[in-house]
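One letter stands for each residue in the lines below.
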Amino acid sequence: MSPKTLYDKIWDAHVADEADDGTCLLYIDRHLVHEVTSPQAFEGLRMTGRTVRAPDKTIAVPDHNVPTTAGREDPSQMTEESRIQVGALDSNAREFGIHYYPMDDVRQGIVHIVGPEQGWTLPGMTVVCGDSHTATHGAFGALAHGIGTSEVEHVLATQTLIQKKSKNMKVEITGKLMPGVTAKDITMAVIGETGTGGGTGYVIEYCGEAIRDLSMEGRMTVCNMAIEGGARAGLIAPDEKTFEYVKGRPHAPKAGQWENALAWWKTLYTDEGAHFDKMITLKGEDIQPVVTWGTSPEDVLPITANVPSPDDFTGGKVDAVKRALDYMGLTPGQKMTDIQIDTVFIGSCTNGRIEDFRAVAEVVKGKKIKEGMRAMIVPGSGLVRAQAEEEGLADIFIEAGFEWRLAGCSMCLAMNPDQLSEGERCAATSNRNFEGRQGYKGRTHLVSPAMAAAAAITGHLTDIRDMI
Amino acid sequence: MEKFEKLSGIAAPMPLVNIDTDMIIPKIFLKSIQRTGFGKNLFDEMRYTRDGAEIEDFVLNKPAYREAQILVAGDNFGCGSSREHAPWAIADFGIKAVISTSFADIFFNNCFKNGILPIVMPQEVVDVLMKDAEKGANARMDVDLEAQTVTTSDGEVFAFEVDAFKKHCLLEGLDDIGLTMAKEKSIDAFEATASQARPWV
């Protein structure tokens, strides 16, 4: 048998039907659902008299619209449209009998944090969601990607997706990371290398010593932003850390099945000599703490760099850079560390897990945020929040002047009341620095949690290595 | 789904690279639970001032392009979120085909579900089509899906590739779900085998 990649193996295990031209029906093991991209899909089912084929494999949670401030059960905290959208998910979940974590459930949170936390996401699975950051679940060696609403309806009705296989890309991060460099810096550095379109048509497998050394939380951060590089999905082969993370979670295999599951999971790695269509290698030692300066995640440079000039680019990117610098209010040659920050947002499916908050606490412990700074920390789930409180992290944040919020997507995409105002400049641990992403004319610099924490203290973009 | 066969229309040039789905339809319009009515908010933040006035120099506000049915765009069009509201807004505005050197994966698939044809062409062809689009309302571009060609207003013909299955569905206006449900036996069989092999799933 010819050697296979991890992607090949998961793909092959899920093909329910293959047409002569290679178009496949790929069976879906887990379908995650949130309130923004699902109402039209459920409505489609109703209009055609169809049902949800596998309600036991379908898990819903509201996250995009939900307020993150105390007392959010008060309906006046949401706009009417948000209320309708969350209400539609409530009633669709009930009507179709799918698993559901409503807003007042402690397990509620960002769908990509809840899935792994509850043990829904397991190695070797196919996982989809009407959300591009579904790539997150690839950290478990699950083939996970975002889909549109028509495809949400397709999966609800048939538990399959019509797919053609992507190409294989290997991204290897060799060696060790230097102090102050995190999973976020790895994933952003890779996008800096490939560009936002470099992964289009590929599934990326991240490997190498620096990836193996990451915790599961760190691996989720890396895979989360695979989509920012254009890839359909990111994957990391499961190992002992993965199995350890999964074991004992509410929906993980139980005692009688655990050994069988484990035996299969241990076969989920890329065989020696398997073919990759594209390969990229970065040295872990070369990766520095990075920050974005523009309005695309590929606009990334080390924190020690200066803001680039449109002259540094070619082709269509020249005009895009002019536009980005104008939007961001930056001047070529300006030092990154001179950029003043108004707001710090720590959270999102990229960096809203316990490890991220521990990193923040380490930086801010015993310090105060810069006067006039708006700084918020938004846990990825109610359980992350509870754990951070139990570990005493929340007290450290509150003491330092941070707002300690309830779980949700919050200012990552600003569909709820957490938004930037016009011209406001934010250091954010989220995943997109697009125009208007965090609020109309808001300006976003993407950074790691430690770097966001540092900016909150100093009031400007800061090299975390100067603080450790 | 509406069939796509041939199209003869005005093409609007948008040479900017990395046009993302937040630009195509900002999130404040994602709160609707309908599939229609997004066209007026297509490219909202580029198209209108905060108080709702049209920004004159935005391409779709120019008299020549208000009825555009084709977009010729820069590289990596549709990157970002999976929101199908982006192709819904494009279709609702009346645009039926988008031409670029590359598209983001999820957006590309979403287009086909909504009767929109995304056409990938090499840079030198996109450059020619962009120039043609810049001519404005008197220049109409033709797209023929069956023949897989784009013809400029000067009569220059360029061929494009399209996945055979996606082409078939678009030409016939087929409903994916109906097609898949016709293969229900395969799915049943797969489910039965998989639940034996991986009962924990």
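Details of the structure are given in the entry above.
What counts as what
- Residues numbered from 1 in each chain as written.
- Chains lettered and ligands numbered in written order.
- Predicted model: local features only at pLDDT ≥ 70, side-chain atom pairs only at ≥ 80, totals over all residues.
- Heavy atoms only, no water.
- Helix = DSSP H or I, 4+ residues; strand = E, 2+ residues; numbered from the N terminus.
- Contact = heavy atoms within 4.5 Å.
- Areas by Shrake-Rupley, 256 points an atom, 1.4 Å probe, with all protein chains shown as cover.
- Buried < 20%, exposed > 50% of the residue type's maximum accessible area, 1.4 Å probe, protein only.
- Phe/Tyr/Trp six-rings, centres within 6.5 Å; stacked < 30°, edge-to-face > 60°.
- Lys NZ or Arg CZ within 6 Å of the ring centre and 35° of its normal.
- Axes fitted to C-alpha atoms, helices over the stretch in contact; angles between N-to-C directions.
- Left-handed = near helix turned anticlockwise from the far one by under 90°.
- Nonpolar A, V, L, I, M, F, W, Y, C, P; charged D, E, K, R; others polar.
- Buried area = accessible area lost by both parts, 1.4 Å probe.
- Salt bridge = Lys/Arg side-chain N within 4 Å of Asp/Glu carboxyl O.
- Polar contact = N/O pair within 3.5 Å; in protein donor to acceptor, adjacent residues only side chain to side chain.
- Pairing = 2+ DSSP bridges.
- Right-handed = clockwise from strand over helix to strand, strands pointing away.
- Core = buried A, V, L, I, M, F, W, Y, C linked by side-chain atoms within 4.5 Å.

S.K.: Explain the overall build of chain B to me, using residue names and the numbers behind them.
M.R.: Helix and strand counts for chain B stand at eight helices and seven strands. Dimensions of chain B, computed from C-alpha atoms along their principal axes, come out at roughly 60 × 40 × 25 Å. Taking contacts inside chain B between residues at least 6 apart in sequence as the whole, the part at least 24 apart equals 65%. Summing over all exposed atoms, chain B offers an accessible surface of approximately 8300 Å²; the carbon and sulfur share of this is 50%.

S.K.: Please set out the side chain of Gln148 of chain B residue by residue, giving values where relevant.
M.R.: Residues and elements named next belong to chain B. Within the secondary structure, Gln148 is located in the loop between β5 (140-144) and β6 (149-151). Its relative accessible area of 18% is what places Gln148 among the buried residues. Contacts of Gln148, omitting those with residues within four sequence positions, involve Phe158, Ala159, Phe160, Glu161, Val162 and Lys167.

S.K.: Please give an account of the packing of aromatic side chains that cites residues and values.
M.R.: Two measures describe an aromatic ring pair: the distance that separates the ring centres and the angle between the ring planes. Applying the stated criterion across every chain yields a total of 20 aromatic pairs over all chains. When the centroid spacing of 6.4 Å and the interplanar angle of 45° are considered together, the rings of Trp264 of chain A and Trp200 of chain B count as tilted. Here Trp200 of chain B lies in the segment after α8 (184-197) and Trp264 of chain A lies in helix α10 (residues 255-265), a pairing that spans two chains. Taking relative accessible area as the criterion, Trp200 of chain B reaches 6% and is therefore assigned buried. Pairwise contacts between aromatic rings join Phe243, Trp258, Trp264 and Trp265 of chain A together with Trp200 of chain B into one cluster. Above the ring of Tyr245 of chain A, the side-chain terminus of Arg249 of chain A is found at 3.8 Å from the ring centroid. Lying over the aromatic face of Trp264 of chain A, Arg198 of chain B brings its terminal NZ or CZ to 4.8 Å of the ring centre.

S.K.: Kindly report on the packing of helix α13 (residues 354-364) of chain A against helix α14 (residues 382-390) of chain A, identifying the contributing residues and their values.
M.R.: Residue and element names in this part refer to chain A. The contact between α13 and α14 brings their axes to 10 Å, and the two run at 35°. Of the two elements, α13 crosses α14, and the hand of that crossing is right-handed. Along its contact with α13, which presents Ile354, Phe357 and Arg358, the element α14 presents Val384, Gln387 and Ala388. When its residues are assigned to classes, the contact of α13 with α14 shows four nonpolar, one polar and one charged.

S.K.: With reference to specific residues and values, describe the interface of chain A and chain B.
M.R.: At the interface, 71 residues of chain A touch 53 residues of chain B. Three residues, Gln40, Arg53 and Tyr440 of chain A, lead the burial of chain A against chain B; their summed loss comes to 13% of the area buried on that side. Along the contact surface separating chain A from chain B lie nine salt bridges. Across the salt bridge formed by Glu191 of chain B and Arg53 of chain A, the nearest N and O atoms sit 2.8 Å from each other. At the junction of chain A and chain B, the tally comes to 31 residue pairs in polar contact (both at pLDDT 80 or more). Elements represented by at least two residues in the side of chain A that touches chain B include exactly β1 (15-18), β2 (24-27), α2 (39-48), α3 (80-96), α5 (149-158), β8 (160-163), α10 and α11 (317-328) of chain A.

S.K.: Explain the sheet that holds strand β5 (residues 99-100) of chain A to me, using residue names and the numbers behind them.
M.R.: All names here are of chain A. Within the open sheet, the five strands sit side by side as β5-β4-β3-β6-β7. Their pairing is parallel. Strands at the two margins of the open sheet, each flanked by one partner only, are β5 and β7 (143-146). In this structure, strand β4 (residues 58-60) lies alongside β5, joined through two bridges in parallel fashion. When the bridges of β5 are listed, Ala60 appears paired with Tyr100.

S.K.: Any details on the pairing of strand β4 (residues 117-120) of chain B? Residues and values, ideally.
M.R.: Residue and element names in this part refer to chain B. Bridging between strand β3 (residues 97-100) and β4 involves four bridges; their strand directions are parallel. Note that in β4 the partner of Ser100 across the bridge is Val120. Once you follow β3 into helix α4 (residues 105-112) and on to β4, the crossover reads as right-handed.

S.K.: If you had to explain the nonpolar core to someone new, which residues and values would you point to?
M.R.: Val344, Val364, Phe397 and Phe402 of chain A together with Phe43 and Phe77 of chain B are the most contacted members of the largest nonpolar core, which has 87 residues in total. It is helix α16 (residues 449-458) of chain A that provides the largest number of residues to this core, a total of eight residues. Once you skip the residues sitting within four places of it in the chain, Phe77 of chain B turns out to touch Ile19, Ile24, Phe43, Leu71, Ile90, Val98, Ser100, Ser102, Phe103, Ala104 and Phe107 of chain B. Core analysis: the next-biggest nonpolar cluster, separate from the first, contains 61 residues, Cys129, Ala210, Tyr245 and Leu262 of chain A among them.

S.K.: Explain unusual backbone geometry to me, using residue names and the numbers behind them.
M.R.: Residues and elements named next belong to chain A. At Ala414, a residue that is not glycine, the phi angle is positive and equals roughly 55°. Position of Ala414 among the secondary structure elements: in the loop between β17 (403-404) and β18 (425-428). For Lys441, which is not glycine, the phi dihedral falls at a positive 60°. Relative to the helices and strands, Lys441 resides in the loop between β18 and β19 (443-446).

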